[in-house]
Each structure stands twice: as C-alpha cells, then as structure tokens.
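Descriptive analysis of the structure
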Amino acid sequence: ALTIGIVGLPNVGKSTLFNALTRQTILAANYPFATIEPNVGVVNLPDERLERLAEIFGSERILPATVSFVDIAGIVKGASEGEGLGNQFLANIREAHAVAQVVRVFEDGNVVHVDGKVDPASDMETINTELVLADLQTLENAVPKLEKQVKGRKAEQAQLDAYLAARKVLERGDTIFSSIESDGLDMEHLGQLGLLTAKPFIYVFNCDDGVLGDAEKQRQLAESVAPAQSVFLDAKLEADLVELSEEEAREMLEMNGQEESGLDQLARVGFDTLGLQTYLTAGPKETRAWTITKGDTAPQAAGVIHTDFQKGFIKAEIVSFDDLTAAGSMNDAKAAGKVRMEGKDYVMRDGDVVEFKSGL
Ligand code: GDP
C-alpha cells in the first residue's frame, strides 16, 4: 500500500497526532489477518456515500478504503549529512510515497520549542533545507556520471537537462514538488532519482482554537505552502476525539464549529495527494470502496479485487453514485437507462458503482 510519512521537528505534536491516528486504526476489526507495524497507522477514508449504498443494497457490512501513515521520527539539523539518526530518517522518507509535515502553530508556554519560539515559516524551512540538501547530494553524484555518458546523445542530453534544472531549483532552496509547474520540471526524467523533495507534500498545521477559528491566518499559511495542500487541526483535540463515541465526537466538533475531524480531513487530503481514487461495489453482503490510481482503466480496477477479474475482463456494468441514488435502486437505475456497459478502455471515474463481468 502507498504510505504517507509523517515528519516534523521535536515537540510539534507528531506523537499526539500519530497516537490519535493509530487509536483510530480499524484494521483489527475489518482485516483480522493484516499485520500492522507499530509505526504505521491505518485509517478509514471517510466516505458518506457508503452508508447510503449499504441502505439501498441492504448490505451487512461496510468496508471503506484506507489510508496508511508512517511515523518517521528523528529529524535533526544536519540530517542530510547523516548526523545521528539522520541517515535512517532520510531512508524512511525515501520509502514513503508522500510526506506530511507537522508544523507547530499552537502557543503553549509549557511546551518547549526546540528553537525557542513558535515560528511556522522557520520550522518548515529547517526541515525542507535538510531534504533539499539531501537531494542536492543525490544530484552531485548523478550529474557527473550522466555527463560522461552524454556525448551528444539526445536521450541522455534530455535527462541531463532535467537534472540540471532540478539542481537549479534546489540550489535556490526550493523543493522539487513546489517547483514542478513553475519551473516546468521534467518529472519523467527525474523520477528514477527518487528525490525526497519530489514527493507530494502535505502541511499539517497543528493549531490552537485561535487559529482554527481564524480563516485569514489559515489562508496565509496555506498560500505560503501552495501548491502543497494544507490541513489545519488541533492534535490534542484529535487525540480527545478518538476517545469519544461517534455521537459525542460529532457534538464536540459542532461545538468547535468544525464539520469534520482533522484526522478525517488528513485522510482525505492524504489519499488525494497520493494520486488515488476509489470506485464502489455493493451487494447484500457488503458495500465496499476499492482503491485505484487516478486514470486506471476498468480492467485495472477489476484487478484490485482479483487478478482473475483483470485477466478475464469482459465488461463492467457501471452506474454513477448520483444516478443510482436518484433512481433509488439498481433496477430503477437500469429502467431509467442510467446503467452503462463499459469496455476495457474505460477510464474509471470517482463515484462509479461497479459490477465486473469476467470470463474466468
Ligand atoms: P512530538 O515531539 O512532535 O512528537 O510532539 P508531541 O506529540 O510529543 O507533543 C509535544 C507536547 O506538545 C506534548 O506535551 C503535547 O501534549 C503538546 N501538544 C501537542 N499538540 C498540541 C496542541 O495542539 N496544543 C497544545 N497546547 N499542546 C499540544
């Protein structure tokens, strides 16, 4: 499964957030045979559509899609030089598919800040600098090797150009991910380098009540990290929420003027940042969300259920969630001509409710 690595300076609330994530972990109930590493938190992707589908089909149970987070401890200044836990830290990030950086915004005189004061911009720079330096090292090794191979060959020249453009971005202190569009970076040629700052970034701003209610402050913070996505939450509140019943939690959120918990937000943003989407299946036994990559075709989507479904793919019977719920039942949707037969070139859309026809 694709994972999101959680990083951040000491004392910003990583453990608090991560503990809330692992408390939320539903694996034990739904996937009894799955083993989970202690530093991995697996949470449900919130999806209100599933309950509605389960109603329509009278499903016995609901299986949502999940999002996996990995706790990556140990960022320190000098990590890029392999100081202390530095090497392990970088190796762990390399394995993650996206990076969620927890940034302290909350003020609390009782919680010491490593640099003496709460300063989100400076904290983000500290971490990003280590990652940028690590990537620069990767390029310091890769560029000379490639230069030797080029000698006027077109393919290698294009690759070298991509490397040099990336080096320029890093030398001015920016991350690759934030510069893909602005600098027109050639990600196809950069892909094999496994650059840390090329991974999709999410910023998790750990706020107190003040900032959670301050839309303007949030807008400024979000803008400062765009195009990376932002999530605003209060890690302590999230830790409290997971201890409550669903109903109590909803009441507490309402009191705080929030529609959804920070963990749910983080799950949604994380799932999206990983480039994933879901399609839905429903029947009397279960209603389920299946995870695919954006752009996957119908046979690829079928393969997520079973490889035989992909090999023996004939066609997919598909109705959009909106059409299905508007019609009220599968039969009514069929009568209304809303159920389509799609072939092997069909690209899956969000909200597709699917039944695959397989020849195997
Ligand atoms: P880590 O070092 O990044 O893992 O940080 P911790 O999760 O251990 O948090 C450090 C301290 O900050 C702990 O005492 C937490 O209770 C506290 N803390 C975490 N999140 C918040 C928050 O949102 N508000 C306040 N006031 N304190 C927090």
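Our subject is the structure that appears above.
Residues numbered from 1 in each chain as written. Predicted model: local features only at pLDDT ≥ 70, side-chain atom pairs only at ≥ 80, totals over all residues.

Let us now look at the overall build of the protein chain. The number of helices and strands found in the protein chain is 16 helices and twelve strands. Over its C-alpha atoms the protein chain spans a radius of gyration of 23 Å, differing by no more than 12% from the 21 Å that the globule rule assigns to 360 residues. Counting only C-alpha atoms, the protein chain reaches 60 × 60 × 40 Å along its principal axes. Counting all 360 residues of the protein chain, 37% fall into the buried class. A sequence separation of at least 24 residues applies to 68% of the contacts in the protein chain between residues at least 6 apart. (Helix = DSSP H or I, 4+ residues; strand = E, 2+ residues; numbered from the N terminus. Rg over C-alpha atoms; globule rule 2.2 N^0.38 Å. Buried ≥ 20, exposed ≤ 12 C-beta atoms within 10 Å, placed from the backbone. Contact = placed C-beta atoms within 7 Å.)

The full set close to the ligand counts 16 residues, and Gly13, Lys14, Ser15, Thr16 and Asp108 are the nearest of them. At three residues, the largest contribution of residues to the shell around the ligand is made by helix H1 (residues 14-23). Its residues assigned to classes, the shell around the ligand comprises five nonpolar, six polar and five charged. (Near = placed C-beta within 6 Å. Nonpolar A, V, L, I, M, F, W, Y, C, P; charged D, E, K, R; others polar.)

The next subject is unusual backbone geometry. Proline 227 follows alanine 226 through a cis peptide bond whose omega is 5°. Even without being a glycine, asparagine 11 presents a positive backbone phi close to 65°. Relative to the elements of secondary structure, asparagine 11 occurs in the loop between strand S1 (3-7) and H1.

Moving on, we come to the environment of glycine 213. Locating glycine 213 in the fold gives a position in the loop between helix H8 (209-212) and helix H9 (215-225). Each C-alpha atom, one on glycine 213 and one on alanine 333, is 43 Å from the other, the two residues being 120 residues apart in sequence.

An order of S2-S4-S1-S5-S6-S7 is seen for the six strands of this open sheet, with the pairing classed as mixed. The outermost strands of the open sheet, each flanked by one partner alone, are strand S2 (40-44) and strand S7 (229-233). With strand direction ignored, the average angle separating the axes of adjacent strands in the sheet is 25°. Relative to strand S6 (residues 201-206), strand S5 (residues 98-104) runs parallel, the two sharing six bridges. Looking across to S6, one finds that valine 99 is bridged to phenylalanine 201. (Pairing = 2+ DSSP bridges. Axes fitted to C-alpha atoms, helices over the stretch in contact; angles between N-to-C directions.)

Below, the discussion takes up the pairing of S7. On a regular strand, each side chain points to the face opposite its neighbour's, so the side chains alternate between the two faces of the sheet. Along S7, five of the five residues are buried, which leaves the element largely enclosed by surrounding structure. Here S7 shows two buried faces, one formed by Gln229, Val231 and Leu233 and the other by Ser230 and Phe232. As paired strands, S6 and S7 are joined by five bridges and run parallel to one another. Within the sheet, the bridge partner assigned to asparagine 206 lies in S7 and is leucine 233.

Let us now look at the nonpolar core. Grouped together as the largest cluster of nonpolar side chains are 60 residues, with contacts concentrated most on Ile6, Ile202 and Val204. Those residues in contact with valine 204, other than ones at most four positions away along the chain, are Leu17, Ala100, Gln101, Val102, Val103, Val231, Leu233 and Leu266. (Core = buried A, V, L, I, M, F, W, Y, C linked by C-beta atoms within 7 Å.)

Let us look at the packing of helix H5 (residues 120-150) against helix H6 (residues 154-171). Two elements in contact, H5 and H6, have axes whose closest approach is 10 Å; the angle formed by their N-to-C orientations is 155°. The angle between H5 and H6 places the two elements in the roughly antiparallel class. Our pair here, H5 against H6, has a crossing hand that is left-handed. Contacts between H5 and H6 involve Val132, Asp135, Leu136, Leu139, Ala142, Val143, Leu146, Glu147, Gln149 and Val150 from the former and Glu156, Gln157, Gln159, Leu160, Tyr163, Ala166, Arg167 and Leu170 from the latter. Among the residues forming the contact of H5 with H6, the class breakdown is eleven nonpolar, three polar and four charged. (Parallel < 35°, antiparallel > 145°, perpendicular 65-115°, else oblique. Left-handed = near helix turned anticlockwise from the far one by under 90°.)

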